[in-house]
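Analysis of the macromolecular model
Spelled out, the chains give:
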Amino acid sequence: MNTKRRKRHACAELTRQEEFMKNHRRHHHEIASWRTILFVLFLVLWEISADLKWIDSFFFASPSRVARCFMELLKSKSLLSHIGVTLFETLFSFLLVLLFSLLVSTLLWYSGKLSEILEPYLVVLNSLPKSALAPLFIVWLGTGTKTIIVAGISVAIFGSIISFYTGFQQVDEEKITLIYTLGGTRKDAFYRVVLPGSIPILLSTSKVNIGLALVGVIIGEFLAARRGLGYLIIYGSQVFQLDMVITSIIVLCVIALGFYKSIQIIEHQIKKRFTI
């Protein structure tokens, strides 16, 4: 009798779980559908507004003009080259930001005195408008890829350090105390409790950092590049090819979305694997 009851209970649990997953998938499909509808409506309204002269297509372009410009740039093989340069500079900047932020925030966690000394400097540096630093980078480093990568790093680095360190500080103190009680060292506490417990914050900060690195790279390309999407935007505005400018901006939006989705996929995989 108890066995039958347990089987019925297990079947009921399985049914509820399947129903939950079904509703979850339906919700995501509904959200994706509405996003697609809104995007298509925006494109249709944009095209109609240009055709009916509600807006000046020379200044605001239109989906059809952007599509033509995109195909022309693809045929000339220049667009892929510019995209490749911007992708490389952004990813390299992001990886350096990630590694350096982890290193510095770890040192701050290990030394409370060091964190007290450096905290106001980090806050001040993070509040600086990074676009104001770009001309200095050009003077110090010259023009080229190195300057652009440094510009990309400068936009994200200080906020990333603050976020990582804050995440380390928010880890459950009782777990750290337990490590010490069992004879563990501060190194054991960091690698077994602090770092694993901070993974959600590290991932969410990385979503922001990849976008900030892209912003910094584009700022650098505005001032110190002969290749890249930032250069393409500046060149297009100088020769009044505004279709090229808007096409480049749309490509940047797609790249930013791709970066965000990539980190989101990594986040889901890590959560699934380690059940964070």
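All of the points below concern the structure found in this document. (Residues numbered from 1 in each chain as written. Predicted model: local features only at pLDDT ≥ 70, side-chain atom pairs only at ≥ 80, totals over all residues. Heavy atoms only, no water.)

All right, on to the state of the cysteines then. Where two cysteines share a covalent bond between their sulfur atoms, that bond is called a disulfide. This model, assessed by the stated rule, comprises zero disulfides. In this structure Cys 69 is a free cysteine whose sulfur lies 15 Å from that of Cys 253, the closest cysteine sulfur available. Relative accessible area serves as the criterion here: at 10%, Cys 69 is assigned to the buried category. (Disulfide = S-S within 2.5 Å. Buried < 20%, exposed > 50% of the residue type's maximum accessible area, 1.4 Å probe, protein only.)

For Arg 65, the position within the fold is in helix α3 (residues 63–75). It is 9.0 Å that separates the C-alpha atoms of Arg 65 and Thr 247, two residues lying 182 residues apart in sequence. Discounting chain neighbours no more than four positions away, the residues touching Arg 65 are Ser 57, Phe 58 and Asp 243. Among the polar contacts listed, one links the side chain of Arg 65 to the side chain of Asp 243, at a separation of 3.1 Å. (Helix = DSSP H or I, 4+ residues; strand = E, 2+ residues; numbered from the N terminus. Contact = heavy atoms within 4.5 Å. Polar contact = N/O pair within 3.5 Å; in protein donor to acceptor, adjacent residues only side chain to side chain.)

Membership of the largest hydrophobic core comes to 22 residues, with the highest contact counts inside it found for Leu 108, Trp 109, Ile 157, Ile 161, Phe 168, Ile 176 and Val 194. For this core, the secondary-structure elements that each account for two or more residues are α4 (78–110), α7 (145–169), α8 (173–181) and α9 (186–197). Discounting residues that sit within four places of it in the chain, Val 194 has contacts with Trp 109, Phe 168, Val 171, Ile 176 and Ala 189. (Core = buried A, V, L, I, M, F, W, Y, C linked by side-chain atoms within 4.5 Å.)

This part covers a nonpolar patch on the surface. Side chains of Phe 100, Leu 103, Leu 107, Leu 114, Ile 117, Leu 118, Tyr 121, Leu 125 and Leu 128 sit close together on the surface and give an oily, nonpolar patch of about 800 Å² of accessible area. Contributions of two or more residues to the nonpolar patch are made by α4 and α5 (112–127). Top element by residues in the nonpolar patch is α5. It accounts for five residues. (Patch = residues over 30% accessible without salt bridge, like charges linked within 9 Å, V, L, I, M, F, W, Y side chains within 5 Å. Areas by Shrake-Rupley, 256 points an atom, 1.4 Å probe, with all protein chains shown as cover. Salt bridge = Lys/Arg side-chain N within 4 Å of Asp/Glu carboxyl O.)

Moving on to the packing of aromatic side chains. In this structure the tally under the stated criterion is nine aromatic pairs. A centroid spacing of 5.8 Å and a plane angle of 20 degrees characterise the contact between Phe 88 and Phe 92, whose relative ring orientation is stacked. Of this pair, Phe 88 and Phe 92 both sit in helix α4, four residues apart, which is roughly one turn of the helix. Residue class for Phe 92 comes out partly exposed when judged on its relative accessible area of 38%. Between Phe 190 and Tyr 191, the ring centres sit 5.3 Å apart and the planes meet at 85 degrees, which makes this aromatic pair edge-to-face. These aromatic residues form a ring-pair network of at least three members: Trp 109, Tyr 110, Phe 168, Phe 190 and Tyr 191. Seen from the ring of Trp 109, Arg 186 lies directly overhead, with NZ or CZ sitting 4.0 Å from the centre. (Phe/Tyr/Trp six-rings, centres within 6.5 Å; stacked < 30°, edge-to-face > 60°. Lys NZ or Arg CZ within 6 Å of the ring centre and 35° of its normal.)

On to unusual backbone geometry, then. Backbone geometry places Ala 61, a non-glycine residue, at a positive phi of 60 degrees. Mapping Ala 61 onto the fold places it in the loop between α2 (57–60) and α3. Assessed through its relative accessible area of 0%, Ala 61 is described here as buried.

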